[in-house]
Amino acid sequence: MRSLTRVAIALAVLSSIQSLARPASCAQDAKETGTITGRVLVDGKAVQGMIVMAIPLESDPVSRGKRMLNPSTFRMAATDSDGRYRLEGVPTGKYSVAPFAPALVNADGASEKAELATVSEGATVERVDFSLSRGGVITGKVTDSEGHPVIAAEISWKPVDPSQPRDSGGRSDGRMYFTDDRGIYRIFDLGPGRYIISAGTSRDHHFGMGLRRTGKVQTYYPGFTDEAKAKPVEVATGTEVSGVDIKFGAPDKRFAVSGRVIDAETRTPIANTIVGYSARERESGPDKRDDGEDSGATTTNERGEFRFEALLPGNYKAEADSIGRLTGVGAFYADPIDFEVGSANVDKLEIKTHLGASITGVVVVEHSKGGAALDNLASFRLVASYTGTDDEDDSWSNVASGGSFRIGGLKPGKAKIGSGPYAAQKFSVLRTERNGVEQPDGIDIQPNEQITGVRVIVARANCVIRGHVTIQGGPLPIDRSTRDPVALEAVARPLNVPRGDSYKRVPVDANGDFVIENLTPGDYEVDVAGNYLNESFYKKHIASTKQTVSVAGESPAQVALVVDVRAKEPDK
Amino acid sequence: MRRLGLAVVFSTLLVSATEIASLARPDKPGADLRGAQPTPSVQDKIAQSSESIKGRVIGEEGRPVAGVSIMAIPVNIASNRQSMVTTIVSWPVISDADGKFELTGLQAGAYTILARAEGYILSDSDSKQFHRAGESVTLTLVKPGVITGKLTNSLDNPVAGVVVRAIKVREADNKPVRVREQPFSKFANSMNSLLGPFKTDDRGIYRIYGLAPGYYQVAAGGRSWQGFGAYNTGVGPYDGDAPTYYPSSTLPTAGEVAVRAGHEVANIDIRYRDNRGHSVSGTVSGSKGSDQEGISLVLTRATSGVVEKTIAETSASVKEKGFAFDALLDGEYFVTAMVRSGNPLEGAEGYKLSVSPSRRVTVSGADVTGVELVLEPLASIAGRALIEPISAQKAECKATRPARLGEVVISARGEGNEKPEDQSLSLGPMFEDTSPNENGEFTVGFLRPGVHRLDLQLPGDSLYIKTVTLPPLTPDGKPVDAARSGVKLKSGDKVKGLVVTMSEGAAGLRGRVVTGEASKPPTSKMRVHLVPSEPEATEDVLRYVEAEVATNRGFILTNVAPGKYWLIAREISEQEQSESDHKPLAWDAGGRIGLRFEGEATKKVIQLSTCQRVIDLVLSYTPLIRPAETPIKKFAL
C-alpha cells in the first residue's frame, strides 16, 4: 500500500482535489436552542479564561467530516473567575462538550475529556463539569547511531499497565508527537503511570513524486528494537521527566542490485521499460519489515540496464513490464526472477522478455442499438486476468468509442476478460465470445498468438440493492475516537464475476437503511460492518449477518441484515 | 497474499487514477488495431537514447551530503504523457557517501531537479535552474532557519495547542515573494504539510523549523485553508479567529522576522488578541464542468501577492451556497477562483483550467458580500520551434556541443507587470514551462487573458533567437513579428502557428564594469545592455540583450545574435529593484528608444561575429546626466 500512498500523493499534487465526497446536508438550520452550563476546575481550583467547546455529534460520517472542516458549527464559551461557563443558543441536538486544554488530563488520567450532552428546546443542561489536572510531561532527544538528531521522528507511547487509559499516537484532534529539528520531543498530556516510549515508525512518510522519507525501525527507550527490553518511564500529573533520550541503532548495510532486461530469443536489450523489485514473503517476527524498503521500481536505460541502489539483505523477486500494459499497447511480457541479497552487491541479473500474444475485438452492449450506449464506452476499460493463478498479471485496455479494443503483451494461459475496478464503471462484462462461441472459462492464449474476432458483451450497471440492518442485543457501541455510535458500512461483493470488479461500499444511515447503486446484473453477497475504538482505545470490529441476493433489471433487490452487538470479537 | 512490487505500482496507478488509463490512448484508436503483429509500444520507441544527469550534493562549506533523495522532473511533464508516467513510477536516487548521484534513463531534454534531505533545503538558485540530460550538476543544500517563541493570552498565561504559522512576505534579497516556484517544492522543501501544523506545547512554546531564508510574519490562530484543504489542522477554538500577528497585531503593524540559513530566531513571543475579523463572500459563475470537480478560491494580499487564505471545495457546494472567506483582518485583497476539469495527467490536451479575473476587495471594519467571480477558460499558444544550422564552419563554432530542440524551455510571460492581480495566482511551473517535442512542436497552455511574450531559455550558449513570428494577417501579408508585438490573448483563445526560429552561431560577451576616477561608483545595482546599432534593427526586440551586473562588477551576456551593438551600463532604479519579475526594457517601444538614445550618447560600439566569445571586456561607466530613478519610459514621445 506504500505505492498507493505515494501515487495518491502524487495525484494530490497534480490535482489537489478532483472529485470529492457528496455535499453533506447540515441540520444546522434548526431554530430551537438550549443552554449548557458547568464548571471547570484544574487541580481543584477555578481557572479563568478556559475555553469550553460544544461540538455537534453526527452519526453520518460525511456530516462528521464536514463538521471537522467548519468551526462555525462549534459553540464556545470562556470560563469566568469562578471557573463557570455558559453556552447559550445551542441548537437542539447531541453534543460533545469539552474544555480546550491540550496540556491537561481528566481525573482518570486520560487526555480525552469530552462529556456528552443532549440539548432540548428551551432547556438548560446543567453541571457539565470538568475536574482536570496538569498532564505529566516526558521529554527527551532522539539521535541516530552517530549521535545526530533525528528530525521529525514519530514518537509513540503506551502505558505499561494495559488497564490504564491509553491514547494512541493518532487521536481525534489530529495531534501526533514528532521530534523537532533538534531531535527533541515533548509529550505533555500524560496521566499518572508508567509508560513505554518509542521513536520511529513502521510507516514511510511520503512527500509526493517519490520523495519519501525512509521509516526508522521502531526503537524503544533507551535504544532497543525489542519491546520487551524497553525501560518504562514513570510520570505523575504535573511533573516533568526529562532526558528520556532514544538512540537508534546503526542502519543496516545495504547493497546495490543491477542487471538488464533483454529479449529472451534475440537477446536485444529492452529500453525504457519498468523494472520493479519486491521482497518475497517472509515469516513475521522481528525480522519482518513493513517499512517501505521492500519494494521499488525504476526504468531501464537504452542498453536495457537497471540498477537499484540500496537493498537490505533478503530474498526478492524482480519483474519487468512496459507501461503499455496499462492501456493495451504493451508488446511483451517478462519472466519474473528471484534473487537474494546477502553480504555483497548483486549484478548481472537478467530479466527475459517474450513477444506477447494479443486479443483484439469489439465490445457490444447487450440489448442496445449502438449510438449513445457506445459513446459511453469511451471511458470503459477492460482487464484480461489469468485464471488458475495467483499472479496479478492483469493486462488492461482502453475501449475506443466505436467499441473496438486490443489487449497486447499477453503471456500464454487462460484469461478472462472483465471490466476495470472502478466504482464509476457504468458497464460490466456479461460474457465473452470468440468467433461466435462463448468462452465461459476464459480465452486460451497460445504463445505469441494474435487472437482476433473476440466479442465482449457488456451490460449497463443500473441495478440496485436496498437494505436494512436491525441492531439486536442493545445499542450500537460508541466509537471512542468520535464519541458517536460506530459508523456502519454496507458492502456488496459480486459472486462469480471475473476478478477486477470491485466491492461496492456505502454508508448505512441512522435508521439502518442503505442503498447500493450502479450494480450489474448478478449475484452479490451483502453485509454490514464497522470498525471503532472501544473505551480503552482498543480497535474493535462489528459485523452483521451475510445475505446473498440476485439483482436484475431496474427494480431493487431487498436485503435484511442483523447486527448482534453481543457477539464480540476479541480485542485487537 | 503479498502483492508484488510491480503489481502494486501498476494496480495502484489504476485504482488511484482511472484517468491514467487514457494516458497512452492512441489518438485514433482504430488505426492501432489494424496491425496484427505486435509492434513495440509507443514508450519503447521513444527511448532511443537515454542519458543521465550526474552530479554531487554539497552542504555548508562544500561538504558532501549523503543520503539525499533526488529526482528529475521533465519540463514537458504536463504535455508529454510518457514523461508523466515515467516520473510517477520512478523512485528517487540517493546520493552516496561522496554526495554523488546519477539520474539515469533520461530522455534528451530539460529537467528541474528536486532534492530532499533530512534537515536541509535546496538552495534558492538551484531550485530554479533547469538542467539538461547529459550535464553534470552541483546541488547546494542549505540548512533552513527556525523561528521560536511563546504564545500567551491577555492574562499572561501560556496558551497550548494553537497553530502558529510563519508566512513568508519577502525573499532574502528583499524582493517580493516569488510566485513561481520549483514544481512540487512545497512537498520537497517542507515537511510541514504532512507532519501537520506547528502547535504550541504545554508551555505555550512553538518552534517552526524548515524555513527557507527570507522575511516572515508569524501568525497564531486562524486558518490558511478552508474547506477540504483544512482537514489536517484538527479542531480548535482558535481556528475561526483572525490570526494574531507577532507581536500582538493586525496586518498593518505585523512585525517581520528575518530568517537566515541555519539560524534560529528566538523570543518571537506573541500575545493572543482574539482578532475576530470579517468575511468576504460571493458567488462563482461560468463553470460548465461537473459538480464533483474541485474549485479553488485564493485570497491574496493586494500589495505583496502573499496568499492569505485558500478555499478548496466542490463546484456543487460553491454553486449552491457561494463562497465565504472567514475571519479576515482589515486590508486590501484580491480574490480569484479556479476550476480544474479533466485529467491533470493529460496535460494541456485533456486538462482544462478555468480561472476568473481577480477581483479587488477592501476589508475595512465590515463584511464584504456580493463578490462575483466569473470563470473564463484559459488560452494557449501553439507553435513550432526550429534551429537553423550555420553554413560557415568557423573554428570558433566547433568547440560547442550542438544544442537540441528538446532542451529549449519555453514559457509565456504576461506583459501586465503593473497589474498585481495578474500575479495573484500561479498555476505552478509544471503548467507554465514546456519544451518542444521531437518535431519542434510545442504548446504553452493555461494562459490568462492579456498580452504575452514568449520566454525562451536556451540550452548552452551556442543558440540565439532569430525570429518569433505569427502567421500573416492577410494571405499575401508578411508574418507578424510576435517578439515585438507579443501575442494578445482573450480568454479561451487557442493561438496557433507561432514559429520560433533559432540559429547556431551565437556570440557571447563577458566583462566587468569599472567606474572612472572622476565619477563616484554607483551605489545601486546595475544592468548591462547590448543595443543593436544598425538602424534597421531598431525594432528587432530579439537583438536587445541585457544582464545584471554581479556584486563583483562582472557581467555575462550570452546567446547574442551576431551584429553591431552599443554596449551600455545602467543603474537599476529603486522601483525596478523591487520588482519580483523583471521585464526586459526592450519589450517596450519607449524602452528601446531610450536604450538607443543612451547607446548613441556613450558611443561604445562593438562588433560581434558568428560564434565569437569576447572575454575580459572592460566597460567604463559614466552616469548620464539624469537621475537614475527616472523611468526610462519617459523617453518615449
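None of these values were measured; they are calculated from a predicted model.

Rules behind the numbers
Residues numbered from 1 in each chain as written. Chains lettered and ligands numbered in written order. Predicted model: local features only at pLDDT ≥ 70, side-chain atom pairs only at ≥ 80, totals over all residues. Helix = DSSP H or I, 4+ residues; strand = E, 2+ residues; numbered from the N terminus. Buried ≥ 20, exposed ≤ 12 C-beta atoms within 10 Å, placed from the backbone. Contact = placed C-beta atoms within 7 Å. Expected span 1.5 Å × (residues − 1). Pairing = 2+ DSSP bridges. Axes fitted to C-alpha atoms, helices over the stretch in contact; angles between N-to-C directions. Core = buried A, V, L, I, M, F, W, Y, C linked by C-beta atoms within 7 Å.

Colleague: Please give an account of the overall build of chain B that cites residues and values.
Modeller: Within chain B, the secondary structure is distributed over 13 helices and 41 strands. Looking at chain B as a whole, 46% of its 637 residues qualify as buried. Of all intrachain contacts in chain B linking residues separated by at least 6 positions in sequence, the fraction that spans at least 24 positions is 77%.

Colleague: Please give an account of the overall build of chain A that cites residues and values.
Modeller: In terms of helices and strands, chain A carries three helices and 48 strands. Of all 572 residues assigned to chain A, the portion counted as buried reaches 41%. Put simply, 72% of the contacts in chain A that link residues at least 6 apart link residues at least 24 apart.

Colleague: Go over helix α13 (residues 589-602) of chain B, please, and point to the residues and values.
Modeller: Residues and elements named next belong to chain B. The end-to-end C-alpha distance of α13 is 20 Å, a good match for the 20 Å that 14 residues give at a rise of 1.5 Å each. Among all positions of α13, only Gly591, Arg592, Gly594, Leu595, Arg596 and Gly599 are buried. Considering only its buried residues, α13 is in contact with β36 (526-532) and β39 (563-571). Directly beyond the C-terminal end of α13, a positive phi value near 60 degrees is found at lysine 603.

Colleague: Explain the pairing of strand β30 (residues 357-365) of chain A residue by residue, including any values.
Modeller: All names here are of chain A. With respect to burial, β30 is a largely interior element, seven of its nine residues being buried. Note that β30 and strand β38 (residues 450-460) share seven bridges and pair parallel. Within β38, the residue paired with glycine 361 across the bridge is valine 454.

Colleague: Report on the sheet that holds strand β33 (residues 487-489) of chain B, specifying residues and quantitative values.
Modeller: Residue and element names in this part refer to chain B. Spatial strand order, β28-β30-β33: three strands in an open sheet with antiparallel pairing. Edge positions in the sheet fall to β28 (409-414) and β33, since each of these pairs with one other strand and no more. Each adjacent strand pair in this sheet contributes to an overall mean axis angle of 40 degrees, direction not counted. Inspection of the sheet shows β28 paired to strand β30 (residues 450-457) by six bridges, in the antiparallel sense. Bridging from a neighbouring strand, arginine 413 pairs with arginine 453 of β30.

Colleague: Any details on the pairing of strand β24 (residues 295-299) of chain A? Residues and values, ideally.
Modeller: All names here are of chain A. Burial of β24 is extensive: five of the five residues sit out of reach of the surface. Burial along β24 is two-sided: Ser295, Ala297 and Thr299 and Gly296 and Thr298, pointing in opposite directions, are all buried. One ladder, built from five bridges, connects strand β23 (residues 274-279) with β24; its direction is antiparallel. Bridge pairing in β24 links tyrosine 277 to glycine 296.

Colleague: Describe the sheet that holds strand β27 (residues 332-334) of chain A, and please don't skip the residues or the numbers.
Modeller: Residue and element names in this part refer to chain A. As summarised here, the arrangement of the four strands in space is β25-β22-β29-β27, forming an open sheet in which the pairing is mixed. Among the strands making up the open sheet, the edge pair consists of β25 (305-311) and β27. Between one strand and the next, the sheet's axes are offset by a mean angle of 30 degrees, whatever the strand orientation. In this structure, β27 lies alongside strand β29 (residues 346-355), joined through three bridges in antiparallel fashion. Looking across to β29, one finds that phenylalanine 332 is bridged to leucine 355.

Colleague: Any chance you could break down the nonpolar core for me, citing the residues and the numbers?
Modeller: Where a protein is soluble and globular, its nonpolar side chains tend to be buried together. Counting 187 residues, the largest nonpolar core has Ala54 of chain A together with Ala115, Ile147 and Val218 of chain B as its most contacted members. Ranked by residues supplied to this core, first place goes to strand β22 (residues 331-342) of chain B with six residues. The residues touching alanine 54 of chain A, leaving out its near neighbours within four places in the chain, are Ile36, Phe74, Arg75, Leu87, Val90, Tyr95, Val97 and Ala117 of chain A.

Colleague: Give me the lowdown on unusual backbone geometry, citing residues and values where you can.
Modeller: Cis geometry marks the peptide bond from tyrosine 221 of chain A to proline 222 of chain A; its omega dihedral reads 5 degrees. Here proline 222 of chain A lies in the loop between β18 (219-220) and β19 (233-235). Each neighbour pair has its own omega, and for tyrosine 246 of chain B with proline 247 of chain B the value is 5 degrees, a cis peptide bond. Here proline 247 of chain B shows up in the loop between β14 (244-245) and β15 (257-259). In this structure, aspartate 156 of chain B takes a positive phi of about 70 degrees despite not being glycine. With respect to the secondary-structure elements, aspartate 156 of chain B resides in the loop between β9 (145-152) and β10 (164-171).

By themselves, these observations are geometric and do not establish any function.
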